[in-house]
2 protein chains.
Amino acid sequence: MRNFKLVIEYDGTHYSGWQRQKGDRTIQGEIETALMTMTRRKITVIGSGRTDAGVHASGQTANFKCDTSLTSETFQKGLNSLLPKDIVIRSCQPAAIDFHARFDAKSKAYRYHILNHHPPVAIGRQYVWQIRRPLDTHAMVQASQYFVGTHDFKAFEGSGSPRAHTVRHITMSKLSVEHGGKITFDVEANGFLRFMVRNIVGTMVDVGLGKLSFQDIQEIFLSRDRGRASATAPAHGLFLISVTYS
Amino acid sequence: MRNFKLVIEYDGTHYSGWQRQKGDRTIQGEIETALMTMTRRKITVIGSGRTDAGVHASGQTANFKCDTSLTSETFQKGLNSLLPKDIVIRSCQPAAIDFHARFDAKSKAYRYHILNHHPPVAIGRQYVWQIRRPLDTHAMVQASQYFVGTHDFKAFEGSGSPRAHTVRHITMSKLSVEHGGKITFDVEANGFLRFMVRNIVGTMVDVGLGKLSFQDIQEIFLSRDRGRASATAPAHGLFLISVTYS
């Protein structure tokens, strides 16, 4: 038995997210189907974690085990020729037999793209949250710093799949403002709750719109109440950039 | 009667090109439908020229005439709220009553994106021609300079809609090479024949692949034979960037 590590890029626009689901197009499902075509075996692909419907990735990671003589290069080539064009295997490498893409992940980095510009754009609209009303980006940059460190993110967890432990450690939370209304939010943590990045982004945008103040963010954290934080930012602005292993 | 000038951005992925065609989704058709919703009149939108199926634009121009009291701001807002998200009116301005988006155009600028990288990309794949085999970009930069000036582009004209005059004057033909295999071709001329940019790109790529030499380009020009030039580059790498008026 051999173990392979994958780094995967995908455009999530036309997928119901990472996780295999009967009757839905998913990234995991497409890769497992392609592996079955290559090996004639039913192989489970273990992702570093789920990404939700419509979320993109430039560096999702996964592993799969297979009793095979095929090389990792052959897997990469074969998968890329079998997969739809909106999923690309960026690399395939042999891994230690006990490597597990989810359990061994030390940290993950996400990026969220906002465009605060009017009129909107048509080219690339599927990769950015377009906000027409003027944003106070100075306030948003300040707000982004509130998230760094160890916090209980219960108030920023999406409903539906609650975790027993909601404390996470954010090592980077950086909002960058470029010309032309481009706003990029980079966040890195040892783990994320469901919808956590998108709920943080929604909250920062409400700060930018003047609906929330800095003090409100502190209170939202303390409340541990999802109803206090802002609406979830749309999926299509979010990218899973990289997953780090020790 | 008043005349309005539009600057239009569109993602051509899901369109059969600019020109209205019965039963097909086209950019012109969508804008005319939206104008009919706004004004309850049948209005013809005159583009600076057609773009083919799958070609994008960041700065297509058009004009339309209408007996209306609506302001250009109202047209822009109304159209952008009615149009699908892959078409955006970047600007709408009052124009002289005799302004004609096609007849008055002095020059057009196109850009073509190539990515010479392996593995391919999933994110943004709909905006770039991905070529896996290594390209000699130095030879392509040299080749790009052959197209500047006044030439008979008969050999680079697509079949199907021949023009009586096939001489065009190219004022800029510039191939830029960036890190990561990004290749951008910028070309500006007083006018273009059908498929002309894509046929030039196809020919330059054949130079990059070593299939054609510089001398061959000269011979292709002199031959005036479409069969001598290379295959047409795919539509989805091409952008109409701007149209200039005097």
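A brief report on the enclosed structure follows. Worth saying up front: this structure is predicted, and the values here are computed from it rather than measured.

## So, the interface of chain B and chain A
- In this complex, chain B contributes 25 residues to the contact, which on the side of chain A involves 25 residues.
- Interface of chain B and chain A: buried area, both sides summed, is about 1,800 Å²; carbon and sulfur atoms make up 61% of it.
- Where chain B touches chain A, the interface holds two salt bridges.
- Salt-bridge contacts for A:Arg125 lead to B:Asp11; the nearest nitrogen and oxygen are separated by 2.9 Å.
- Among the secondary structure elements, those contributing two or more residues to the side of chain B that touches chain A are strand 1 (2-10), strand 3 (56-66), helix 2 (72-82) and strand 4 (87-95) of chain B.
- Take the side of chain B that touches chain A: its biggest share by element is four residues, from strand 4 of chain B.

## Let's talk about the environment of A:Glu30
- Note that A:Glu30 resides in helix 1 (residues 27-39).
- On a C-alpha basis, the gap between A:Glu30 and A:Arg20 in space is 8.4 Å, while along the polypeptide they are ten residues apart.

## Thoughts on the layout of surface pockets
- Computed from the structure, the largest pocket encloses a volume of approximately 1,500 Å³.
- Lining the largest pocket are 37 residues, and of these A:Tyr127, B:Ile123, B:Gly124, B:Tyr127 and B:Lys182 sit closest to its centre.
- Secondary structure elements with two or more residues in the lining of the largest pocket: strand 5 (105-115), strand 9 (182-189) and strand 10 (238-245) of chain A together with strand 5 (105-115), strand 9 (182-189) and strand 10 (238-245) of chain B.
- Ranked by residues supplied to the lining of the largest pocket, first place goes to strand 5 of chain B with four residues.
- Residue composition of the lining of the largest pocket, by class: 20 nonpolar, ten polar and seven charged.

Criteria and cut-off values
- Residues numbered from 1 in each chain as written.
- Chains lettered and ligands numbered in written order.
- Predicted model: local features only at pLDDT ≥ 70, side-chain atom pairs only at ≥ 80, totals over all residues.
- Heavy atoms only, no water.
- Contact = heavy atoms within 4.5 Å.
- Buried area = accessible area lost by both parts, 1.4 Å probe.
- Salt bridge = Lys/Arg side-chain N within 4 Å of Asp/Glu carboxyl O.
- Helix = DSSP H or I, 4+ residues; strand = E, 2+ residues; numbered from the N terminus.
- 1 Å grid on protein atoms, 1.4 Å probe; cavity = no way out; pocket = protein on both sides within 12 Å on 5 of 7 lines; lining within 4 Å.
- Points joined across faces, edges and corners; volume = space filled by probe spheres on them.
- Nonpolar A, V, L, I, M, F, W, Y, C, P; charged D, E, K, R; others polar.

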